[in-house]
Amino acid sequence: MSTVFREAVIDLDQYRANIAQITSLVAPAAVLAVVKADAYGHGMVQCARAAIEAGATWLGTADRAEAHALRAAGITAPLLCWLHEPDAVFAAEVRDDIDLGISSRSQLRAAAAAGVAVGHPARVHLKVETGLGRNGIAEYDWEQVVREAAQAEQAGSITVVGIWSHLAGTSSESDAEQAAVFNSALALAVSLGIEPELRHLAASGAALAEPALRYDLVRIGIAGYGLSPWAAERGVDEFGLAPVMTLRSRVVAVRRVEPGHGVSYGHTWRAEHPTGLALVPLGYADGIPRQASGKAEVWLAGRRMPVVGRIAMDQFIVDTGDALVEVGDEVVVFGDGRTGAPTAEDWAGWADTIGYEIVTRIGQRVTREGAGA
Ligand SMILES: *Cc1c(COP(=O)(O)O)cnc(C)c1O
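Overview of the structure. Just so you know, these numbers come straight off a predicted model, no measurement behind them.

What counts and how
In every chain, residue numbers begin from 1 and rise along the written sequence. Local features are withheld for residues below a pLDDT of 70 in this predicted model, meaning they are given only at 70 or higher, and side-chain atom pairs are given and counted only at 80 or more; totals for whole chains, interfaces and linings count all residues. Hydrogen atoms and water are omitted, and side-chain values are computed over all heavy atoms in the structure. Helical segments are the DSSP runs of H or I of at least four residues, strand segments are the runs of E of at least two, and each set is numbered from the N terminus. Burial here depends on accessible area, computed with a 1.4 Å probe over protein chains only, as a share of the maximum for the residue type. Under 20% is buried, over 50% is exposed, and the range in between is partly exposed. The contact rule is simple, with two residues in contact once any of their heavy atoms fall within 4.5 Å. A crossover counts as right-handed when, viewed with the strands pointing away from the observer, the path leading from the first strand over the helix to the second turns clockwise. Stacked, tilted and edge-to-face are the three classes applied to pairs of Phe, Tyr and Trp rings, where Trp contributes its six-membered ring and a pair requires centres within 6.5 Å; stacked means planes under 30 degrees apart, edge-to-face means over 60, and tilted covers the rest. Distance and angle both matter: a charge sits over a ring if NZ of Lys or CZ of Arg is within 6 Å of the ring centre and within 35 degrees of the ring normal. Whether a residue is near a molecule or strand depends on its heavy atoms: if one lies within 4 Å, it is near. Distance and chemistry together define a polar contact, namely a pair of N or O atoms within 3.5 Å, with one atom able to donate a hydrogen and the other to accept it when in protein, and with adjacent residues in sequence counting only for side-chain atoms on both sides. Every accessible area reported is derived by Shrake-Rupley at a probe size of 1.4 Å, with residue values counting cover from the shown protein chains alone. Polar here means any residue other than Ala, Val, Leu, Ile, Met, Phe, Trp, Tyr, Cys and Pro, which are nonpolar, and Asp, Glu, Lys and Arg, which are charged; Gly is therefore polar.

1. Overview of the overall build of the protein
For the protein, the count of helices and strands is eleven helices and 19 strands. The principal-axis extents of the C-alpha atoms in the protein amount to approximately 80 × 40 × 40 Å. Within the protein, buried positions represent 53% of all 373 residues. Put simply, of all contacts in the protein between residues at least 6 apart along the chain, 66% involve residues at least 24 apart.

Written out as structure tokens, the structure is:
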């Protein structure tokens, strides 16, 4: 504790509790824990292990490299990755038992070729585009690609493990429209002889709030980390979930100033009364959004205090008023709101973004400390 400089404390017990809670909430659907982007900044390998311990039966990443890093760490759970570079060759994934999200005919062919090359079937999840407008096999291509997949499956070069899609989360009506497209795509695939073990559509938002969209498996990222998929509209505490990451630091300098004293670049803030200032060694290089300058608060000396002036690359300043604040005092930038501290979602509000971006962007200089590891 006395050595804390810039630190993100990752409460793995809380992550396990969140995943266990979601697992029981969505049952009989299974849980795939999404650990892409270093588990949203929480540490990929440790979160992957914790998720499996807590009842998730699948893991998911965006990139193949992330999936291989999990295998290299000795993690043997079923594992799906879904965002591939244009010329990807999938032999390494077939060898490493990594399932592939397949979003185009050329990816299907590359997977089948890898299955032939390695000598056992590539495990694929065919992604149908149902309205998000990103990748996925278009409705007008679906029948042809599914026919080709059925042939490849007969030939032993692929196994269609899943059929899936991803929601835009615009409204429950638009999610239901996407689900209707998904259902027809599924029916067509089944009529062409594909029998996927897993149908999956929902990420955190629909998994929590729309039971009808859970199908066989839900892909859980943000809710596992205890943050909301719905920005400020709705929290996840009502589902018994709590934040996993606490970002903390310590005061490195204090001073008293007189009225008129300007603070940080551009002097966007000046003291109106005699007051105290505390310097915190975290800045936008560490993921503190500069856009939150003049709006944010932190937890210091047992209360919320305002961040004043511009947030700089390495540091920001807190107006401590007449509170007794000393060099070395702990500052909680965000954490579990029940402690009184701001949350990552509060920061998202101050910076006009979402909690996902706040935790994912925590920089390399911030050490990750496990709690409950
Ligand atoms: C990131 C991602 C998820 C997880 O989304 P959350 O909203 O964080 O639960 C699920 N599915 C896909 C395809 C993703 O890219």
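2. A word on the pairing of strand β5 (residues 99-102)
Of the two faces of β5, both are covered, the one formed by Asp99 and Gly101 as well as the one formed by Leu100 and Ile102. Once you follow β5 into helix α6 (residues 105-118) and on to strand β6 (residues 122-127), the crossover reads as right-handed.

3. Some words on the packing of aromatic side chains
Scanning the model with the defined rule gives seven aromatic pairs in all. Aromatic side chains Trp230 and Phe239 sit 6.0 Å apart centroid to centroid with 40° between the ring planes, which places their arrangement in the tilted category. For the residue pair Trp230 and Phe239, the accessibility class agrees, reading buried in each case. In this structure an aromatic cluster arises from ring pairing among Tyr15, Tyr40, Tyr225 and Tyr356. Just above the ring of Trp230 sits the side chain of Arg234; from NZ or CZ to the centre is 5.0 Å.

4. With respect to unusual backbone geometry
The step from Ala27 to Pro28 runs through a cis peptide bond, and the omega angle for that step is 10°. Even without glycine at this site, Tyr215 takes up a positive phi of about 45°. Relative to the helices and strands, Tyr215 is located in the loop between α9 (204-209) and β9 (217-220). We classify Tyr215 as buried; its relative accessible area is 18%. Non-glycine residue Asp352 carries a positive phi angle of around 55°. If you trace the backbone, Asp352 turns up in the loop between α10 (344-350) and α11 (355-360). For Asp352, a relative accessible area of 64% translates into the label exposed.

5. Notes on the site of the ligand
In the vicinity of the ligand, 14 residues are found, and the nearest of them are Lys36, Tyr40, Ser204, Ile222 and Tyr356. Here an oxygen atom of the ligand and a side-chain polar atom of Tyr40 are 2.6 Å apart. A distance of 2.6 Å is found between an oxygen atom of the ligand and a side-chain nitrogen or oxygen belonging to Tyr356. In the complex, the protein chains occlude 93% of the 390 Å² of accessible area that the ligand would expose alone. For the shell around the ligand, the elements supplying multiple residues, two or more each, are α2 (36-41) and β9. Classifying every residue of the shell around the ligand gives eight nonpolar, three polar and three charged.

That's the geometry; what it means functionally is another story.
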